[in-house]
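# Structural overview for review
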Amino acid sequence: MKAVTWQGKRDVRVEEVPDPKIQEPTDAVIRVTSSGLCGSDLHLYEVLTPFMTPGDILGHEPMGIVEEVGPEVTNLRPGDRVVVPFQIACGHCWMCETGLPTQCETTQVTGEGMGAPLFGYTRLYGAIPGGQAEYLRVPQAQFGPVKVPEGPADDRFVYLSDVLPTAWQAVEYAAVPQGGSLAVLGLGPIGDMACRIARLKGVDKVFGVDLVPERLERARERGVETFDLRSFDNEKELVSAIQDRTGGRGPDAVIDAVGTEAHGGAVAKLVQQTAAVMPRAIGGPLAERFSIDRLAALYTAIDLVRRGGTISLSGVYGGMADPMPMLTMFDKQIQLRMGQANVRRWSDEIVPYLTDQDPLGVDGFATHRVPLADAPHAYEMFQKKQDGAVKVLLKP
């Protein structure tokens, strides 16, 4: 089959690789019909290269048709249309039953000290072959895949794999009070969808921050008050402008949907780039023990949120030696929630909104739909924010 493989920093290729097969009785194999390109994929493309191996198959936002199931998968059968969550979890351990499948005790990557494995990600998360491919082996298929109906195009459901539950959890964790306000830093796919979900849930004052014109326009069309970073000389001016819209206090909650790809942090950028170009035997341990994130967005969130407010982190951070302004966080009594989205915790709540009325605008959410063969160009376009790329779907 053809699959998108990682070969090095900013080097992905579509190659012929062996077809996946049933390996465990709880496996399924699906024929992929759509697979998203995610901002998290860009971390592999640019930052997390010490944890990758040439030939790794990328992608963690797939959906498709079930081709084959193992003998212990009784809830699926060939021909079923399914969306595959980006994490692999059993559904029956204490963590899964508590609503935390990202921490699944059956599948945890204990050798790396990490939680549940992820499709198409680094060795820290199991190095499981991903879904930017023609076919995908799905472990723990008795729990993970979400069955969806025939009829609507893939765009209606594919975001259940990651974008929708990640944005939904970000808004839930933000815990905006009745009549309160929310600022969203970063209007890429997750930030954009978080704004839509917040509006759907009745948050009247939603502020969106970005510097890409197309992203700002998409948010404005959904009733979000936008702030263009290019219009401010520094972070303090931005913070002051949003505080002026919230009685001088700042928003009740801030979602950081940017993560470590934030602008700024020259020292952190140097450490990231140094680790990325070292041999993996050296660069991996350096990145694990001494890595520093570029924290511009998180620092802005800390300055921006009102005293006693909440910061919800959905942007990916991976540093182990990040300098945090603990005095400010303690003094402002900030509440902080974060983590990978617990997809199956939220999927049943989200599905009722994926109707023909399409209140979240999923049908038109993708800006680009490209053949799998064009994946290398799609990665470059998305990383450089060219051609208005906000969300890209790959079609095998």
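Data block above holds the structure.
An account of the accompanying structure is given in this report. Keep in mind the model is a prediction, meaning the values are calculated, not measured.

Before going further, it helps to spend a moment on helix 4 (residues 189–200). With twelve residues, helix 4 extends 16 Å from end C-alpha to end C-alpha; this agrees with the ideal 16 Å at 1.5 Å per step. The buried fraction of helix 4 amounts to ten of the twelve residues, a majority that puts the element mostly inside the structure. Packed against the buried residues of helix 4 are helix 3 (163–174), strand 8 (181–185), strand 9 (205–210), helix 5 (213–221), strand 11 (253–256) and helix 12 (375–383). Where helix 4 terminates, the next one or two residues include G202, which has phi positive at roughly 95°.

At a minimum axis separation of 9 Å, helix 3 and helix 11 (residues 343–350) run at an interaxial angle of 95°. With respect to their mutual orientation, helix 3 and helix 11 come out roughly perpendicular. Residue-level contacts link L164, P165, W168, Q169, E172 and Y173 of helix 3 to V343, W346, E349 and I350 of helix 11. Among the residues making up the contact of helix 3 with helix 11, the classes are represented as seven nonpolar, one polar and two charged.

Here we come to unusual backbone geometry. Negative phi values dominate among residues other than glycine, just as trans dominates among peptide bonds. Although it is not a glycine, Q140 sits at a positive phi angle of roughly 55°. By the secondary structure assignment, Q140 is in the loop between strand 6 (135–138) and strand 7 (146–147). The backbone of Q333 sits at a positive phi, close to 55°, despite the residue not being glycine. According to the relative accessible area criterion, Q333 is exposed, its value standing at 61%.

A side chain with one charge can pair with a side chain of the opposite charge if their charged atoms come near. For the structure on display, the rule yields 21 salt bridges. Of the charged contacts, one joins R13 and D11 as a salt bridge, the two residues approaching to 2.8 Å between their closest N and O atoms. The salt bridge partner of R156 is D356, with a shortest N-O separation of 3.2 Å. Placement of R156 in the loop between strand 7 and helix 3 and of D356 in the loop between helix 11 and strand 14 (368–371) is noted, with a sequence separation of 200 residues between them.

Looking now at the nonpolar core. Within the largest apolar cluster, 42 residues are counted, with the highest numbers of intra-cluster contacts made by Y159, L160, L164, L182, M193 and I255. Breaking this core down by element, the ones donating at least two residues are helix 3, strand 8, helix 4, helix 5, strand 11 and helix 11. Looking at which element gives the most residues to this core, the answer is helix 3, with eight residues. Taken domain by domain, the makeup of this core includes at least three residues from each of domain 1 (2–162 + 342–394) and domain 2 (166–338). With 27 residues, the next largest nonpolar core counts V4, M52, L124 and A378 among its residues.

As a further point, take the sheet that holds strand 11. Judged by pairing direction, the sheet is parallel, and its six strands sit side by side in the order 10-9-8-11-12-13 without closing on themselves. This sheet does not close on itself; its edge strands, each paired only once, are strand 10 (225–228) and strand 13 (335–338). The mean angle between the axes of side-by-side strands here comes to 20°, regardless of whether they run parallel or antiparallel. Summarising the sheet, strand 9 and strand 10 pair through four bridges and their orientation is parallel. Across the sheet, residue G208 finds its bridge partner in strand 10, namely T226. Sheet contacts for helix 9 (residues 296–304): strand 8, strand 11 and strand 12 (310–313); angle to strand 8, the most-contacted strand, approximately 165°.

A separate point is the side chain of R156. On the accessibility criterion, R156 (8% relative accessible area) is buried. At 3.4 Å, the side chain of R156 and the backbone oxygen of T355 are in polar contact. In terms of polar contacts, R156 uses its side chain to reach the side chain of D356, at 3.2 Å. For R156, the contacting residues outside a window of four places in its chain are L354, T355, D356, V362 and D363.

Conventions and cut-offs
Residues numbered from 1 in each chain as written. Predicted model: local features only at pLDDT ≥ 70, side-chain atom pairs only at ≥ 80, totals over all residues. Heavy atoms only, no water. Helix = DSSP H or I, 4+ residues; strand = E, 2+ residues; numbered from the N terminus. Expected span 1.5 Å × (residues − 1). Buried < 20%, exposed > 50% of the residue type's maximum accessible area, 1.4 Å probe, protein only. Contact = heavy atoms within 4.5 Å. Axes fitted to C-alpha atoms, helices over the stretch in contact; angles between N-to-C directions. Parallel < 35°, antiparallel > 145°, perpendicular 65-115°, else oblique. Nonpolar A, V, L, I, M, F, W, Y, C, P; charged D, E, K, R; others polar. Salt bridge = Lys/Arg side-chain N within 4 Å of Asp/Glu carboxyl O. Core = buried A, V, L, I, M, F, W, Y, C linked by side-chain atoms within 4.5 Å. Domains from an automatic or database assignment. Pairing = 2+ DSSP bridges. Polar contact = N/O pair within 3.5 Å; in protein donor to acceptor, adjacent residues only side chain to side chain.

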